[in-house]
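So you can see what is in the structure, the chains are spelled out below.
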Amino acid sequence: MSSINNLKDRLKDIGYKTTITLSNYIQLLKGSGSFVIPDYQRGYVWGQRKKNSQSDSVSFLINSLKESYKHKSDIFLQGITVHEKKESFDIVLVDGQQRTTFFYLLLKYTGYKDYISIKYDIRKESNDFLNNLDKEDCSRNDTEEYQDIFFFKRTLRIFARELKDIDKEDFRKYILEHVKFLFVIIPEEQAKIVFTMMNGNKARMTDEELIKAELLRCASLEHNLFSEAEHIALRGRLAREWDSWLYWWSDKNVESFFRTGGKQLGWLLPLVSESSKVNFNGFKDKLLKSQTMKQSKSVFKKMRLLQKSIEDAYNHSISYNYLGVILYIRNNAEQRFAFLRWYFGINQDGSHSKSIAELKRYYDWAIIGVNHEDIVAVNVERYSDARNRFQHELESNMLFRYHYETAYRWLLRQNIKQDNLYSDRKFDFNIEYNRSLEHVYPKSKIGHKNDQNIALGWNDEPIKDECSIALWREEMEWTCKEDHHIYNGSEHCIGNLVLLYKRDNSKFNDADFRKKNHYFFTDQDDESFKSRHLIHTTMVFSDVNWEDKISDKPWNKEQVPMRKYAEIKEFENEYPEIYNKTN
């Protein structure tokens with residue numbers, strides 16, 4: 001045994017490749033070693049059907065091999081991770097047990113006579129079965145005592161079924177030379193740590209992880225213009241690039257903003273593959289069909305450019321603010337995907353001003369309720385319908401009670417407008433989970449009377465003590481000097497509402513304006529009173545006209561209808577009527 005070379009030296013003997021063939025893999029045993037399944041590995045389970053599925057790993061792989069065999073093309077599998085065993089030609093499998101056992105059984109089934117050995121460290125019965133393999137002895141036995149043997153036999157039965165019309169000798173020669181995979185050697189002391197990381201809680205690789213592995217594998221394929229060292233450097237650079245994207249999308253702020261649902265790489269893979277539901281086979285069939293280095297590098301380039309566009313949009317305060325609102329309004333994954341595919345599609349032409357202008361139009365139309373398809377198609381008729389409906393609701397004196405979402409969207413837009421105009425600041429969209437609409441005049445202090453002259457409160461319930469009422473709804477009138485029209489309002493109209501964080505709302509209770517103003521501007525620091533970051537809300541509370549200066553009453557009865565009038569006029573300016581062009 002003194003002439004035993006270490007595993008890296010044996011790898012050099014076959015050309016120091018990182019992507020090796022099945023034949024190379026067996027050659028590393030040097031005719032005396034074994035593929036060792038260590039004690040921390042679970043048993044062999046290939047052939048077991050997945051829950052709610054008729055498929056199993058053996059059938060899937062054997063059919064993939066048959067398809068590649070038909071075209072005499074290479075087939076590349078997920079990498080195998082190993083460590084060597086000192087003073088031995090044994091190779092200990094850290095990751096790759098199921099695949100190695102599969103190919104051991106397949107080679108034996110197809111009549112392989114050369115040296116190959118596999119050894120289960122603590123499973124004597126499994127070793128005995130493999131060492132004395134009888135491919136004819138594979139009948140089903142549901143009372144089989146040993147799990148490994150049960151699935152060894154099932155695998156052999158699947159081979160018998162799927163390969164009955166295949167030239168087994170030719171097929172065997174094919175798989176030895178055309179099955180390829182990445183081969184990774186790690187130090188023995190790291191084996192259990194790596195195994196736990198790769199197989200913790202028996203987790204299977206996600207579609208994203210499989211896609212990464214396939215892209216890196218294709219990028220590492222042999223090419224006569226690149227040396228092995230250049231292959232390694234390329235694969236390392238691409239892997240680091242992928243990991244940097246993963247790190248970015250894993251940021252909790254990014255994940256929350258884009259509403260990714262915790263998907264690895266967020267929306268990057270769906271947008272690249274133009275499918276909201278990404279799976280490994282679909283991605284490979286669409287973007288890696290030819291499985292070449294050129295194709296893999298092209299996919300990485302597409303991902304790189306798209307990732308930059310996404311990061312640029314996220315880092316630019318105005319596009320960030322528009323995107324945040326749209327992603328809130330598009331309230332499921334399919335709708336968000338459709339929007340993001342459209343936006344980052346038009347963003348590819350390199351015209352920042354054009355893409356921002358289109359994003360602003362989408363933002364405006366989405367707020368008033370136009371759907372994605374009609375926005376993209378610039379459907380003016382749908383815009384007009386939505387505009388008229390939104391304005392009608394915004395003009396309602398019962399806005400707070402019956403059209404809360406309309407009020408929220410308008411006040412959200414008003415605050416974001418101020419951020420975009422004056423502070424070039426990203427809006428804090430966490431308010432969505434802690435939002436509240438505050439009545440500037442406390443609704444509990446305002447009453448109204450019905451047709452029977454019964455005094456009612458804000459909720460239309462009879463008032464027991466009219467002395468608690470500071471202002472009657474019927475008194476809320478204001479005469480516009482421009483058109484001399486008398487406008488009215490109510491405690492629930494847009495003129496009396498501002499956007500606040502819910503926890504700040506509760507601090508105001510039913511205080512008069514002077515107390516609210518004092519509390520808003522002086523009693524709390526910015527961190528404990530987050531609503532001070534809402535610029536439109538701050539502007540409303542800084543308006544001293546809420547108090548009646550003439551009578552020194554705490555409330556000015558004209559202020560609410562006057563503010564309502566101003567908000568409606570602003571809506572009309574921001575959302576002009578648009579007419580279809582005619583001849």
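Predicted model only: the values in this text are computed from it and were never measured.

Enquirer: Before we go on, may I ask you to explain the environment of Thr292 in this structure?
Expert: Relative to the elements of secondary structure, Thr292 occurs in the loop between helix H13 (280-287) and helix H14 (293-315). Measuring from C-alpha to C-alpha, the distance between Thr292 and Leu215 comes to 9.4 Å, with 77 residues separating the pair along the chain.

Enquirer: How do you make sense of the sheet that holds strand S3 (residues 75-84) when you look at a structure like this?
Expert: Note: strands within a sheet are paired through backbone hydrogen bonds, in either parallel or antiparallel orientation. With respect to topology, six strands assemble into an open sheet ordered S1-S6-S3-S4-S2-S5, the strand pairing being mixed. Either end of the sheet is taken by a strand with one partner, and the two such strands are strand S1 (19-21) and strand S5 (118-120). Looking at each pair of strands side by side, their axes are set apart by 40° on average, direction ignored. Of the pairings in the sheet, the one linking S3 to strand S4 (residues 91-95) comprises four bridges and is antiparallel in character. Within S4, the position partnered with Val82 by the bridge is Leu93.

Enquirer: Could you clarify how one ought to interpret the packing of aromatic side chains in this entry?
Expert: A ring pair, where both rings are aromatic, is described by two values, the distance of the centres and the angle of the planes. Enumeration according to the criterion identifies 44 aromatic pairs in this entry. Ring geometry for Phe150 and Phe151: centres 5.1 Å apart, planes at 90°, overall edge-to-face. Given a relative accessible area of 17%, Phe150 falls into the buried group. Among the aromatic residues, those joined into a ring-pair cluster are Trp248, Trp249, Phe257, Phe258, Tyr314, Tyr320, Phe427 and Phe429. Above the face of the Tyr69 ring, Lys72 is positioned so that its terminal group lies 4.0 Å from the ring centre. Against the face of Trp365 rests Arg361, its NZ or CZ located 5.0 Å from the ring centre.

Enquirer: Help me understand the sheet that holds strand S10 (residues 471-472) in this model?
Expert: Strand order across the open sheet formed by three strands is S9-S8-S10, with mixed pairing between neighbours. Each having just a single partner strand, strand S9 (455-456) and S10 make up the two edges of the open sheet. Direction of pairing for strand S8 (residues 446-449) relative to S10: parallel, over a ladder of two bridges. In the strand pairing of S10, Gly447 is matched with Trp472.

Enquirer: What's the story with the pattern of salt bridges in this structure? I'm lost.
Expert: Opposite charge on two side chains makes pairing possible when the charged atoms of those side chains draw close. Scanning the model with the defined rule gives 34 salt bridges in all. Taking the shortest distance from any N to any O, the salt bridge between Asp243 and Lys212 comes out at 2.8 Å. Taken together, the residues span a long stretch of sequence, with Asp243 in helix H10 (residues 228-250) and Lys212 in helix H9 (residues 207-219) at a distance of 31 residues. The residue Glu574 makes a salt bridge to Arg413 at a minimum N-O spacing of 2.9 Å. With a gap of 161 residues between them, Glu574 in helix H25 (residues 559-574) and Arg413 in helix H21 (residues 404-423) connect regions that are remote in the sequence. Assessed through its relative accessible area of 24%, Glu574 is described here as partly exposed. Note on Arg413: relative accessible area 3%, which makes it buried. Through salt bridges with shared partners, a single ionic network connects Lys360, Asp364, Arg413, Lys417, Glu570 and Glu574.

Enquirer: Any chance you could explain H25 here in plain terms?
Expert: Think of an α-helix as turning once every 3.6 residues; residues three or four places apart then point the same way. For H25, which comprises 16 residues, the first-to-last C-alpha distance of 22 Å matches the rise-based estimate of 22 Å (1.5 Å per residue) to within 8%. Listing the buried residues of H25 in full gives Gln559, Val560, Pro561, Arg563, Lys564, Tyr565, Glu567, Ile568 and Phe571.

Enquirer: Please explain unusual backbone geometry as it appears in this structure.
Expert: Outside of glycine, negative phi angles account for most residues, and trans bonds account for most peptide bonds. Despite not being glycine, Lys72 shows a phi value in the positive range, around 55°. Even without a glycine there, the phi angle at Val378 is positive, about 50°. Residue Val378 is classed as partly exposed on the basis of its relative accessible area of 43%.

Enquirer: Would you explain the packing of H14 against helix H15 (residues 317-329) in this entry?
Expert: When two helices pack together, you describe them by how their axes are tilted relative to each other and by the distance separating the axes. At their nearest, the axes of H14 and H15 sit 5 Å apart, and the two run at 95° to each other. When the axis of H14 is compared with that of H15, the two are roughly perpendicular. Along the contact surface, H14 presents Asp312, Ala313, Tyr314 and Asn315, while H15 presents Ser317, Ser319, Tyr320 and Leu323. The residue inventory of the contact of H14 with H15, partitioned by class, reads four nonpolar, three polar and one charged.

Enquirer: It is not clear to me how the packing of helix H19 (residues 380-394) against H25 should be interpreted in this structure. Could you clarify?
Expert: Following both chains from N to C, one finds H19 and H25 inclined at 170°, their axes separated by 11 Å at the closest point. As the angle between them shows, H19 and H25 are arranged roughly antiparallel. On the side of H19, the interface is formed by Arg387, Phe390, Gln391 and Leu394, while H25 contributes Ile568, Phe571 and Glu572. Looking at the contact of H19 with H25, its residues break down into four nonpolar, one polar and two charged.

Thresholds applied
Residues numbered from 1 in each chain as written. Predicted model: local features only at pLDDT ≥ 70, side-chain atom pairs only at ≥ 80, totals over all residues. Heavy atoms only, no water. Helix = DSSP H or I, 4+ residues; strand = E, 2+ residues; numbered from the N terminus. Pairing = 2+ DSSP bridges. Axes fitted to C-alpha atoms, helices over the stretch in contact; angles between N-to-C directions. Phe/Tyr/Trp six-rings, centres within 6.5 Å; stacked < 30°, edge-to-face > 60°. Buried < 20%, exposed > 50% of the residue type's maximum accessible area, 1.4 Å probe, protein only. Lys NZ or Arg CZ within 6 Å of the ring centre and 35° of its normal. Salt bridge = Lys/Arg side-chain N within 4 Å of Asp/Glu carboxyl O. Expected span 1.5 Å × (residues − 1). Parallel < 35°, antiparallel > 145°, perpendicular 65-115°, else oblique. Contact = heavy atoms within 4.5 Å. Nonpolar A, V, L, I, M, F, W, Y, C, P; charged D, E, K, R; others polar.

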